[in-house]
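Residue-level structural notes
One letter stands for each residue in the lines below.
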Amino acid sequence: MLNIFKKTAIASAMCLAAGAALAEYPEKPIEVIVGYSAGGGTDVMARTAAPFIEKYLGEGASLVVKNMPGASGQIGVTEAANAEPDGYTLGTFNLPGMMARTIDREADYDRESFTYLANVVNDPNVIVTSKGSGLDTLDKLIAEAKENPLAVTVGMSSLGGDDHFALIKLQNATETEFTIVPFKGSAPARTALLGGHVAMGILNISEVAEFQDQLNVLGVATTERSEFAPDLPTFQEQGLDLVNGSMRGFIAPAGLPEDVQAKLLNAFTQLSDDQEFLDAMAATANPVEVVTGEDFKQLTSDLYDLANSVWETTPWN
C-alpha cells in the first residue's frame, strides 16, 4: 500500500512539472526598458503601445515600462541587449541613434545583439526656437548663425541621434555652425527651450505638437507636409533640402525562444490594423510605420550604414 502512495505522489509531481513546463508565455509581467526620460517621444510611444501589445499577447499579459535614461539611450538599450532572452525583458530601439552608439563610442552590443520585433513610429524632425530668441523664421535663424558662428545654442536629446543627424545636415547645407547642448532626453531639452535656456531645438513633431503656441516651429523635415501639422511648411518648401526623422520600435535580446518570438511578432504585427491604436498614436502626433521581424533588422542594417557614412564625413566626437 505504501508503494502505491509513493507512485501516486511521484506521478502527481511529474504532472505538475509538465504543467509548469507547458505554461504559455507570458506568465509574469514583461519589463520594457526605455533608454530616455519619461515624457519624451520614445517614452510616449512605449506607454501608448503597451496596452495594445498586452491585448494581443493575451493570457493576462502585463507590460511595465522602466525608464533608464543616460548616455544618449545607450544605458537602456545595453541593459535590454544583455538581459536574459526569455521574453520578459524588452527594450525600445531608436534609429539611427542606437546604431550610431556603436560607431562613436564603445558599445556592449552590435547589430546581432537583438531579436528584432517591430519598428512602430517614424517621427520627422522639426526645428523650433524659443519665443524670446527673436528667431521666428528659418531665414532669420540661418542669418544669425552665419553672422555669429557658434552663438546659437541648440538643445537636443542626444549626440549621434536623429536630432544630431538633422543638425549636421542643416550645418552642411547652410555652411553654418551651432553650439550643441545635449540632454538626457527630448523632454528636458524641450523644457530648456521653453524656459529660454537654449535658443533653438531640434526635436520631433510628436514632441512639439502640444507646444506650438509656446514655441516658434520653423519647419518639418519631410518631403510632404505632416498630417499632424498641415499648416507647417516643410524645409524643402523653404528652399532647404532637409529630410530627417526618428524611427522608434521594440527589440528583445538575441536568442529569444522561437515560440516566444512568434507570439511577440504576432502581437506587434496586429498594431498596424488596430484603429484604436492608430487613433491613440495620432492623439500624441506619432506617425505610425510598423515594420516587423527581418524587415526591421534589414532597416537597422541600412541605417547603420547611413550612420557610418555620416561619421566618416562629419565626425561628432
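Report on the accompanying structure. Note that the structure is a prediction, hence the values are computed from the model and not measured. (Residues numbered from 1 in each chain as written. Predicted model: local features only at pLDDT ≥ 70, side-chain atom pairs only at ≥ 80, totals over all residues. Heavy atoms only, no water.)

**Considerations on the nonpolar core**
Ranked by size, the top nonpolar core spans 55 residues in total, and within it Leu57, Phe93, Phe250 and Leu264 carry the most contacts. At seven residues, helix 2 (residues 41-57) tops the list of elements feeding residues into this core. Among the nonpolar cores identified, the runner-up in size contains 21 residues, and Met156, Leu167, Phe178 and Ile202 belong to it. (Core = buried A, V, L, I, M, F, W, Y, C linked by side-chain atoms within 4.5 Å. Buried < 20%, exposed > 50% of the residue type's maximum accessible area, 1.4 Å probe, protein only. Helix = DSSP H or I, 4+ residues; strand = E, 2+ residues; numbered from the N terminus.)

**Points about unusual backbone geometry**
Negative phi values dominate among residues other than glycine, just as trans dominates among peptide bonds. In this structure, Pro26 follows Tyr25 across a cis peptide bond, with omega equal to 0°. Of note, the bond from Leu95 into Pro96 is cis; its omega dihedral lies within 30 degrees of zero at 5°. Along the chain, Pro96 falls in the loop between strand 3 (89-95) and helix 4 (97-100). Despite not being glycine, Ser72 shows a phi value in the positive range, around 60°. One can find Ser72 in the loop between strand 2 (63-67) and helix 3 (74-81). For Ser72, a relative accessible area of 16% puts it in the buried group. Notably, Glu175 is not glycine yet its phi reads approximately 55°, a positive angle. Tracing the backbone through its elements, the reader meets Glu175 in the loop between helix 6 (162-174) and strand 6 (179-182). Judged by relative accessible area, Glu175 falls into the exposed class, the value being 71%.

**With respect to the packing of helix 2 against helix 9 (residues 258-269)**
Packing of helix 2 against helix 9 leaves a shortest axis separation of 9 Å and a crossing angle of 125°. As judged from the angle between their axes, helix 2 and helix 9 are oblique. Read as a crossing pair, helix 2 and helix 9 show a hand that is right-handed. On helix 9, the residues touching Ile53, Tyr56 and Leu57 of helix 2 are Lys263, Leu264, Ala267 and Phe268. Residue composition of the contact of helix 2 with helix 9, grouped by class: six nonpolar, no polar and one charged. (Axes fitted to C-alpha atoms, helices over the stretch in contact; angles between N-to-C directions. Parallel < 35°, antiparallel > 145°, perpendicular 65-115°, else oblique. Left-handed = near helix turned anticlockwise from the far one by under 90°. Contact = heavy atoms within 4.5 Å. Nonpolar A, V, L, I, M, F, W, Y, C, P; charged D, E, K, R; others polar.)

**Description of helix 6**
The end-to-end C-alpha separation of helix 6 is 18 Å, in line with the 18 Å expected for 13 residues at 1.5 Å each. With respect to burial, helix 6 is a largely interior element, ten of its 13 residues being buried. Buried residues of helix 6: Asp162, Asp163, His164, Phe165, Ala166, Leu167, Ile168, Leu170, Gln171 and Thr174, and no others. Residue Glu175 follows helix 6 closely and has a positive phi angle near 55°. (Expected span 1.5 Å × (residues − 1).)

**A look at the environment of Met98**
Residue position: Met98 is located in helix 4. Overall, Met98 belongs to the buried group, its relative accessible area being 1%. The spatial distance from the C-alpha of Met98 to the C-alpha of Gln261 is 21 Å, given a sequence separation of 163 residues. Beyond its immediate stretch of four places on either side in the chain, Met98 contacts Tyr36, Ser72, Gly73, Val77, Phe93 and Tyr109.

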